[in-house]
Amino acid sequence: MLEKYNKYKNVAKIAAGAVVCVESEIRGDVTIGARTVVHPKARIIAEAGPIIIGEGNLIEEQALIINSYPENILPDTDGVEPKAMTIGTNNVFEVGCVSQALKIGDNNVIESKADLGRNVILTSGCIIGACCQINTCEVVPENTVVYGSNSMRRTQNEKPQPQTLQLDFLMKILPNYHHVKKTVKGSGALLRN
Amino acid sequence: MASLLQPNRVVYLVRGEKKIRAPLSQLYFCRYCSELRSLECVSHEVDSHYCPSCLENMPSAEAKLKKNRCANCFDCPCCMHTLSTRATNIPAPVPDDPTKTTMKKAYYLACGFCRWTSRDVGMADKSVASGGWQEPENPHAQRINKLIEYYQQLAHREKQERDRKKMARRRQCMPLAFSQHTIHVVEKYGLGTRLQRQRPGAPLSNLAGLSLKEGEDQKEISIEPAQALDEVEPLPEDFYTRPVSLPEVTTLRQRLLQPDFQPAGASQLHPRHKHLLMKRSLRCRKCEHNLSKPEFNPTSIKFKIQLVAVSYIPEVRIMSIPNLRYMKESQVLLTLTNPVENVAHVSLAICEDDDPDGINRTAQILVPNTELVLAGKDAAAEYDELAEPQDFQDDPDVVAFRKSNKIGFFIKVIPQKEEDTDVTVAFKMRHDFRNLAAPIRPSEEGGDAPAAEAIWLTHHVELRLGPLAP
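Below or above, wherever it landed, is the structure these notes cover. For every chain, the first residue of the written sequence is number 1, and numbering continues from 1 onward in sequence order. Ligands are numbered from 1 and chains lettered from A, in the order in which they are written. In keeping with the model being predicted, local features are shown solely for residues with a pLDDT of at least 70 and side-chain atom pairs are shown and tallied solely at 80 or more, while totals for entire chains, interfaces and linings include all residues. Heavy atoms from the whole structure form the basis of all side-chain values; hydrogens and water molecules are not counted.

## Looking at the layout of surface pockets
We apply this condition: Grid points spaced at 1 Å and placed over the protein atoms alone form the basis of the search, with a cavity being a set where a 1.4 Å probe fits but cannot get out and a pocket an open set showing protein on both sides within 12 Å along at least five of seven lines. Lining residues have an atom within 4 Å of a point. Grid points are joined across faces, edges and corners, and a volume is the space filled by probe spheres set on the points. In this text, helices come from DSSP runs of H or I with a minimum length of four residues, and strands from runs of E with a minimum of two, each type numbered from the N-terminal end. When residues are grouped by polarity, Ala, Val, Leu, Ile, Met, Phe, Trp, Tyr, Cys and Pro land in nonpolar, Asp, Glu, Lys and Arg in charged, and all others, Gly among them, in polar.
The volume enclosed by the second largest pocket comes to roughly 430 Å³. Contributing to the lining of the second largest pocket are 20 residues, with A:Pro160, A:Gln161, B:Arg86, B:Tyr108 and B:Arg115 lying nearest its centre. Of all the elements in the fold, those that place two or more residues in the lining of the second largest pocket are β8 (83-93) and β9 (101-111) of chain B. Looking at the lining of the second largest pocket element by element, the count peaks at three residues for β9(B). Among the residues forming the lining of the second largest pocket, the class breakdown is nine nonpolar, five polar and six charged.

## Regarding helix α2 (residues 164-177) of chain A
An α-helix turns once per 3.6 residues; consequently, residues spaced three or four apart project the same way. All names here are of chain A. Rule in force here: To estimate the expected span of a helix, count its residues, drop one, and scale the result by 1.5 Å. Values of bend correspond, residue by residue, to the angle between axes fitted over the seven residues ending at that residue and the seven starting there. Each residue gets one of three labels from its accessible area relative to the maximum for its type: buried under 20%, exposed over 50%, partly exposed in between, using a 1.4 Å probe on protein chains only. Contact between two residues is taken to exist if any of their heavy atoms lie within 4.5 Å; hydrogens are not considered.
The end-to-end C-alpha distance of α2, which contains 14 residues, comes to 21 Å, matching closely the 20 Å that a straight helix rising 1.5 Å per residue would cover. A maximum bend of about 25° is found in α2 at Leu 170. Of the positions making up α2, those classed as buried are Leu 167, Leu 170 and Leu 174. In this structure, the buried side of α2 is in contact with β2 (19-20), β5 (37-38) and β8 (58-59).

## Considering empty space enclosed by the protein
All names here are of chain B. One pass over the structure, following the stated rule, counts five cavities of 30 Å³ or more. Estimates place the volume of the second largest cavity at around 50 Å³. Lining the second largest cavity, in full, are Glu 135, Pro 136, Gln 258, Asp 260, Phe 261, His 270, Pro 271 and Arg 272. Grouping the constituent residues of the lining of the second largest cavity by class yields three nonpolar, two polar and three charged.

## Quick word on the nonpolar core
Rule in force here: The criterion is simple. A nonpolar core is a set of buried Ala, Val, Leu, Ile, Met, Phe, Trp, Tyr and Cys residues joined through side-chain atoms within 4.5 Å.
Within the largest apolar cluster, 52 residues are counted, with the highest numbers of intra-cluster contacts made by B:Tyr12, B:Phe427, B:Met429 and B:Leu463. If near-sequence neighbours (up to four positions away) are discounted, B:Phe427 is found in contact with B:Val316, B:Leu334, B:Leu348, B:Ala349, B:Cys351, B:Ile365, B:Val367, B:His459, B:His460, B:Val461 and B:Leu463. Counting 33 residues, the second largest nonpolar core, distinct from the first, contains A:Val38, A:Ala63, A:Ile104 and A:Ile110.

## So, the sheet that holds strand β17 (residues 127-128) of chain A
Residues and elements named next belong to chain A. The condition that has to hold: We call two strands paired when DSSP finds no fewer than two bridges between them.
The sheet built from eight strands is open, its strands ordered β2-β5-β8-β11-β14-β17-β20-β21 with mixed pairing. What marks the edges here is a single partner per strand, and that holds for β2 and β21 (152-155). With two bridges connecting them, β2 and β5 associate as parallel partners. Its bridge partner lying in β5, Val 20 is registered against Val 38.

## Brief notes about the interface of chain A and chain B
Interface size, as often reported, equals the accessible area lost upon joining of the parts. Inclusion rule: Using a 1.4 Å probe, buried area is obtained as the accessible area two parts lose upon being combined, added over both of them. Salt bridge, as used here, is a side-chain nitrogen of Lys or Arg placed within 4 Å of a carboxyl oxygen of Asp or Glu. Throughout this description, a polar contact denotes any pair of N or O atoms lying within 3.5 Å of each other; where both atoms belong to protein, one of them has to be capable of donating a hydrogen while the other can accept it, and for residues adjacent in sequence the pair is counted only when both atoms sit in side chains.
Taken together, the contacts link 15 residues of chain A with twelve residues of chain B. When chain A packs against chain B, close to 1,100 Å² is buried across both sides, 46% of that on carbon and sulfur atoms. The tally of links from chain A across to chain B stands at two salt bridges. Across the salt bridge formed by B:Arg115 and A:Glu111, the nearest N and O atoms sit 2.7 Å from each other. Put simply, chain A and chain B have one residue pair in polar contact (both at pLDDT 80 or more) between them. Of all the secondary-structure elements, those providing two or more residues to the side of chain A that touches chain B are β20 (144-147) and β21 of chain A. No other element matches β21(A), which puts four residues into the side of chain A that touches chain B. Along the lines of polarity and charge, the residues of the side of chain A that touches chain B split into five nonpolar, five polar and five charged.

This is the structure we're talking about:
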């Protein structure tokens, strides 16, 4: 199974309309949707399975989105299914965050230096505060805010606003100063679970 | 080895009402009494109130009226951060023509840290940027105000009776009206003077400061006593079976920050106005001189009077510690810095065995016998390339190095306790202090003005050297 997957390495499918800077590191089978901006020095690493990123996401510098092997499994073990990591629309991954969560919904904000473990499933509208770590095995309910040094939680009434203004601005400005990776022509039909 | 420079490694002993050991950076020096003072042996006086976020100054009377809260700034009820006002554009119908809509600005409060917004508790967006937000009214406000008025009156009456008795005992001839006036004048100037402070048995003196003026009618205020109820509201039936949703429940801290309501649910947490901070000045209790007086302006961090200990007393700091072993002599390198501009002479002495101050000692110590001479602090020396080399004859066994107003010297430490996790040594430091504040009396011989007299001060210094080497 894994050998078949390994054939598809070094293939990054970037939809038209996405701005992905050349200085970002994208390894493995990664699909990036339209209107997504990936800053330089962001890292998207698909080691143990493909990563599918939706539309309108904002992935800032030094953010790390990694689909890695679970800790007790070696890369060469047979019989391990590659699990796909899906990320929805309008998410913001701020500077320096680390996300290994397999399923992220829409309109989430993962603030700077936050850390998400592999077994977390984020639904929609969640805000994971700066330096907060979530490494439990759970589904974070909608509109949850995690904040503070003790990672306290509360629920907010509405989801955070999509960063449309910021995305438009970046899509105009970033190509002026950085080289952009080539996009793949054609439909950007995405697999969404 | 930055941990050696931590301030609480070297502590000085302050002999006040209580013996306090504190690092030199936290102590003050009264140059009229020529003694070290700590925060506990000075009296604190409030200078001014200011808001920490908008830095607005507020006179004390106004602060008391507003219960020490700022009028413009709010605190997030969730994380106690400062709230900021954000604006959105909402379409609103034009009053003339209901079919058309224009964009109007609506303001709401939001916290940058925990992302709480005023919409979370159901507060509607306001159309003005500031001044539109109201704090919810306390349901018991009326009863509390009535109780306060009643007790103010009671306090005033008790105080009058007490003072009348005192005046009557002391001066039988003085007319009553005059004595009332004297009391009133003293009252007006509050609890700053020595007379008022030294009266310890004044239980209701806080309220008496707010008492009615002499000329007002003293109407009798009566209150109904609180009634005890036999029946208490029963708990809801599903209290034990309903699952608790933790994000909905307020923490104790959030609840107690609003003692009026103490809401149990997060949807009832309303923002409160921000607490004011105050600038305080410190005064020596013995000689009543000011030790620290900050500037009035909240944006300024300078002081009008700043008699801190680091600018008068030489400071001892640990530079390097070798491996300490039980009952073996090791050399510890310390530095001594001279803060004044004159040459300082410092001599060290060990504590006697029966010294009551030295109870924390766990090691014996050998200090240099010779007097250490420190050059004065010269602010321009670092820019002066042609600085003359200092001409001090240093014993290389005692003095390790010398650099402008700093000197490094060795002491020998013999740890006495086996398995010691923190070797503590103590010694007495004796140095000369020239009091430049005292007026210089003209000398009998005439001629030049004499230099200020040098007095010798002794301080007890304790050092914590850390654990023994394994």
